[in-house]
Amino acid sequence: MVNRRKPLAFDTTMRNPARMANFISILRMFEHQMLTSDLIFDIEAEFIRQKVYEPTRSVLGTYLREYQITKGKNPKFYKAEDTSPDASQKVLNGFMRWKEGEPGEVSREDIRYLLKNTLTKHGEAGYDYGWEARFKTHIAFMNELGFINIKKDHPILISDNGKLLASKYSDGRPINDFDDAPEKSAYLSAFTRYQTNNPWRHNTIEVNFLTLFLNTVKYLDDKYDSKGISRKELPFFIVWPNNDYKALGEYIHSWREKFGFRYSDETIYQYAMNTLDDSTDNSVRPATTEFIKSKKRDYKPSKLTHESPDDIMRKLRQTQIISLRGNGRFLDVNTFESNKIEHVIKTYSKNNEQFIDDEEMYFAYMGKVDPKLSFESETITDEQAHAVLNIKRRVLHEWADTHSWQILKSEIIIASNKGSSDDELLMQIEKPTRMEFLAAVIMQKALNNAEVIPHYKVDDEGIPFDHASGGRGNNIGVDIDVYHNNTHALLEPTISPARSFQVEHELPSIVNHIVKSTEVNLAEGKYGVPFAIFLAGKVVSPDVGTSVAAFKATSGAEIYPWNADDFAEYSQSVQSLEDYAVLRDYAKGIQLPRRK
């Protein structure tokens, strides 16, 4: 493979650490096995069977007898394994059984049948056209981050850091005592070491992206009191050729002196393109018309100014050491994680390794766990905890005061379902976390004098970057505690529409939270037994209602399910927390007539 100068671009198939953990928890079943074509079909079938990857009906549910893959003297063809007259119907029936069933319900062999008689029209070097090539896209970024070392006709290897990433997952799903600290620790360790010149992504640019970003931010903050990097300045990081953060910092400062923070996408594209031109220096000037014309197909304006910056912001936020400022328009160091930031800068700033094509050496380097970047063993003082809580409260009240009911209802519907937000800040928050944040804001707006205590993780601006963790240590695992007058309620949002997740995972966890919260309340002599508000985009009916009734009959735990849109609408007229303790019609379970 020929090395060439390319802007920074991350694989977008795996957008967050949790998704990678889902896949690795399944790959563990096949560790050390030789990756043959036949095994790829087994693994891909397991991905689909457990619904960590869900192809559409037009692909997995549509039978294809034959397809010409290549042309020429010796063309290659795909041919279906089943050529019987009813093969098309069998494929559709098999797809529908899988689509309508729960994760893991359909057998691996049934999914293999679908894979052998359908085709995803996708190609990748070194892998057969179709489902094999699709498998390669699933593993590509995990290879780059050193969580795995997987290539065809070699044993499947998972690093210590990869095992840490997936340690709280099984069969593609979180385990009951889920805690996301291991996956966050593993991701930070990996992204800290990540470099653009690696065996899986050949590039003449030699950049350790995270340390380049941190050093540049601190340089500008210290020298020019800049308060972070504008999202619109990220294209300069994408094209910068080396780890010289001082030169990059001075470039950005000169850019600001010339343009401030008001400029068009076309302008920043022209200037960023000049940095990619090896025939010019890195002074602040636009690229020549000839260079832009010759490279515009490789470096598309929309990718350089929007798609790649958005992806980089997402990945930086997932490290939990980067804060959002200026209503989501600027990125800065998260002062809550100063120790980790200093360790990253001190240890990895001058650590660009020359691996050339040695995947094994790269895997050994990337796959290590750095204990100093762990979120698992963190302890904070009472003073620090109080400071964090005050920041959360301030942000909740600010949002409750400045955002209308119409906007909050619209945004929580987007967060809990499909769709995209146009809000510059909300679009940077992953949907599970965004759902918790908006639920807390709505509750605060509904009951201004209530004490709303969300347990999602925030940066030093109070902006959420991760949802609440499961129970660990003294943490019960509640998403949001709400106290109003003498009443205590647990607000438990989820974006999952799956019956299995709502009924088998969420509800039992909520009952456990009610039990543990009751013990704490009774020990402290206040509030007594709390009730829970279970909030979903759409409550799975009647299964959730039936389970809620069963839990109440057996334990006394009171859980009231709410659809997100109904919750937002209803909240506009509540007078007390007790008003939420009502069973909506869609949340009622099956009620059989009494036997005579």
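This text goes with the structure placed above it.
Residues numbered from 1 in each chain as written. Predicted model: local features only at pLDDT ≥ 70, side-chain atom pairs only at ≥ 80, totals over all residues. Heavy atoms only, no water.

Chemist: How would you summarise the overall build of the protein if you had to cite specific residues and measurements?
Modeler: Assigned secondary structure in the protein consists of 22 helices and 16 strands. Its C-alpha radius of gyration of 26 Å places the protein within 12% of the 25 Å reference for a compact globule of 596 residues. A separation of at least 24 residues holds for 70% of the contacts in the protein among residues at least 6 apart in sequence. Of the roughly 27000 Å² of accessible surface on the protein, 48% is carried by carbon and sulfur atoms. Averaging the coordinates of the 77 positive side-chain charges in the protein and doing the same for the 86 negative ones gives two points 4 Å apart. (Helix = DSSP H or I, 4+ residues; strand = E, 2+ residues; numbered from the N terminus. Rg over C-alpha atoms; globule rule 2.2 N^0.38 Å. Contact = heavy atoms within 4.5 Å. Areas by Shrake-Rupley, 256 points an atom, 1.4 Å probe, with all protein chains shown as cover. Lys, Arg positive; Asp, Glu negative; His and termini not counted. Charge placed at Lys NZ, Arg CZ, Asp CG, Glu CD.)

Chemist: Describe the pairing of strand 9 (residues 330-333), and please don't skip the residues or the numbers.
Modeler: By the bridge criterion, 2 bridges tie strand 7 (residues 229-230) to strand 9 in an arrangement that is antiparallel. Within the sheet, the bridge partner assigned to Ser230 lies in strand 9 and is Phe330. The pairing of strand 8 (residues 322-325) with strand 9 spans 4 bridges and is classified as antiparallel. Paired with Arg325 across the two strands is Phe330, which belongs to strand 9. Remark: 4 residues form the turn of the hairpin made by strand 8 and strand 9, two consecutive strands paired antiparallel; Gly326 in that turn has positive phi of roughly 60°. (Pairing = 2+ DSSP bridges.)

Chemist: With reference to specific residues and values, describe the sheet that holds strand 16 (residues 559-563).
Modeler: Taken together, 5 strands build an open sheet; the order of strands is 10-13-14-15-16 and the sheet is mixed. Because the sheet does not close on itself, it has two edges, and the strands there are strand 10 (451-454) and strand 16. Pairs of neighbouring strands in the sheet enclose a mean axial angle of 20°, with direction left out of account. Of the strand pairs in this sheet, strand 14 (residues 487-494) and strand 15 (residues 531-536) are connected by 6 bridges, and their pairing is parallel. Note that in strand 15 the partner of Leu491 across the bridge is Ile533. Of the strands in this sheet, strand 10, strand 13 (480-484), strand 14 and strand 15 touch helix 19 (residues 431-446), which is tilted by about 145° from strand 14. Contacts from helix 20 (residues 499-524) reach strand 14, strand 15 and strand 16 within the one sheet, and its direction differs from that of strand 14 by about 155°. (Axes fitted to C-alpha atoms, helices over the stretch in contact; angles between N-to-C directions.)

Chemist: I'd like a rundown of the packing of helix 17 (residues 382-402) against helix 19, residues and numbers included.
Modeler: Direction vectors running N to C along helix 17 and helix 19 enclose 70°, while the axes themselves pass 8 Å from each other. Here helix 17 is positioned roughly perpendicular relative to helix 19, judged by the angle of their axes. For the pair helix 17 and helix 19, the crossing hand works out as right-handed. Here helix 17 contributes Val395, Leu396, His397, Trp399 and Ala400 to the contact with helix 19, which in turn contributes Phe437, Ala440, Val441, Gln444 and Lys445. For the contact of helix 17 with helix 19, the class distribution of residues is 7 nonpolar, 2 polar and 1 charged. (Parallel < 35°, antiparallel > 145°, perpendicular 65-115°, else oblique. Left-handed = near helix turned anticlockwise from the far one by under 90°. Nonpolar A, V, L, I, M, F, W, Y, C, P; charged D, E, K, R; others polar.)

Chemist: Mind laying out the nonpolar core, listing which residues take part and the relevant values?
Modeler: If you look at soluble globular proteins, the nonpolar side chains tend to sit buried side by side. By size, the foremost hydrophobic cluster in this structure holds 148 residues, and its most contacted members are Met443 and Tyr580. The element that contributes the greatest number of residues to this core is helix 19, accounting for 9 residues. Residues within four places of Tyr580 in sequence aside, it is in contact with Met443, Ala446, Leu447, Phe531, Ile533, Tyr560, Trp562, Phe567, Tyr570, Ser571 and Val574. If you look at the next biggest cluster of nonpolar residues, it comprises 16 residues, including Val503, Leu507, Ile514 and Ala532. (Core = buried A, V, L, I, M, F, W, Y, C linked by side-chain atoms within 4.5 Å. Buried < 20%, exposed > 50% of the residue type's maximum accessible area, 1.4 Å probe, protein only.)

Chemist: Run through the side chain of Thr196, naming residues and quoting values.
Modeler: Mapped onto the fold, Thr196 is located in the loop between helix 8 (181-193) and helix 9 (209-224). On the accessibility criterion, Thr196 (3% relative accessible area) is buried. With residues up to four places along the chain from it excluded, the contact list for Thr196 reads Leu8, Arg201, Asn203, Ile205, Glu206 and Val207.

Chemist: Before we move on, could you go through the packing of helix 11 (residues 245-259) against helix 12 (residues 265-276) and cite the residues and values that matter?
Modeler: It is the contact of helix 11 with helix 12, at a shortest axis distance of 13 Å, that shows an interaxial angle of 150°. By the angle between their directions, the pair helix 11 and helix 12 is classed as roughly antiparallel. Crossing handedness for the pair helix 11 and helix 12: right-handed. On helix 12, the residues that touch Tyr251, Trp255, Lys258 and Phe259 of helix 11 are Thr267, Ile268, Tyr271 and Thr275. Of the residues that constitute the contact of helix 11 with helix 12, the class distribution is 5 nonpolar, 2 polar and 1 charged.

Chemist: Can you explain the side chain of Arg256? Please cite residues and give values.
Modeler: Take Arg256: it is sitting in helix 11. Engagement of the side chain of Arg256 in a polar contact is seen with the side chain of Glu233, the distance being 2.7 Å. Once residues lying within four places of it in the same chain are set aside, the contact partners of Arg256 are Leu220, Ser226, Gly228, Ile229, Ser230, Glu233 and Phe261. (Polar contact = N/O pair within 3.5 Å; in protein donor to acceptor, adjacent residues only side chain to side chain.)

Chemist: Would you mind going over the sheet that holds strand 9 in detail, with residue names and values included?
Modeler: What the 3 strands build is an open sheet, ordered 7-9-8; its pairing is antiparallel. With one partner strand each, in any of the chains shown, strand 7 and strand 8 form the two edges of the open sheet.

Chemist: An account of the packing of aromatic side chains is needed here, citing residue identities and associated values.
Modeler: Scanning all chains against the criterion turns up 29 aromatic pairs. On the basis of an interplanar angle of 75° and a centroid distance of 4.9 Å, the ring pair of Trp255 and Tyr263 is categorised as edge-to-face. Residue Trp255 shares its accessibility class with Tyr263, and that shared class is buried. Between the aromatic rings of Trp562 and Tyr580, the centroid separation amounts to 6.0 Å while the plane-to-plane angle is 70°, which identifies the pairing as edge-to-face. Within this pair, whereas Trp562 is found in strand 16, its partner Tyr580 is found in the segment after helix 22 (564-570), the two being separated by 18 residues in sequence. Its relative accessible area of 0% is what places Trp562 among the buried residues. These aromatic residues form a ring-pair network of at least three members: Phe141, Tyr187, Phe191, Tyr194, Phe209, Phe213 and Phe237. The lysine or arginine in question, Lys116, covers the ring of Phe41, its NZ or CZ lying 3.9 Å from the ring centre. The positively charged end of Arg193 is found above the aromatic ring belonging to Tyr365, 5.8 Å away from the centroid. (Phe/Tyr/Trp six-rings, centres within 6.5 Å; stacked < 30°, edge-to-face > 60°. Lys NZ or Arg CZ within 6 Å of the ring centre and 35° of its normal.)

Chemist: How would you sum up unusual backbone geometry? Please name residues and give values.
Modeler: With an omega of 5°, the peptide bond between Ser541 and Pro542 qualifies as cis. Mapped onto the secondary structure, Pro542 falls in the loop between strand 15 and helix 21 (543-555). Of note, Asp153 is a non-glycine position whose phi angle comes to about 70°, a positive value. Counting through the fold element by element, Asp153 comes out in the loop between strand 3 (148-149) and strand 4 (157-158). You will see that Asn485, though not glycine, has its phi angle at about 55°, which is positive. Relative to the helices and strands, Asn485 is located in the loop between strand 13 and strand 14.

Chemist: Lay out the pattern of salt bridges with the relevant residues and their values.
Modeler: By the definition in use, this model includes 34 salt bridges. Across the pair Arg325 and Asp460 runs a salt bridge, and its minimum N-O distance is 2.9 Å. Of this pair, Arg325 sits in strand 8 while Asp460 sits in the loop between strand 11 (457-458) and strand 12 (464-466), and the two are 135 residues apart along the sequence. By relative accessible area, which is 14% here, Arg325 ends up buried. Look at Asp460 and you get buried, because its relative accessible area is 12%. Connected via shared salt-bridge partners are Asp180, Glu183, Lys184, Lys457 and Asp466. (Salt bridge = Lys/Arg side-chain N within 4 Å of Asp/Glu carboxyl O.)

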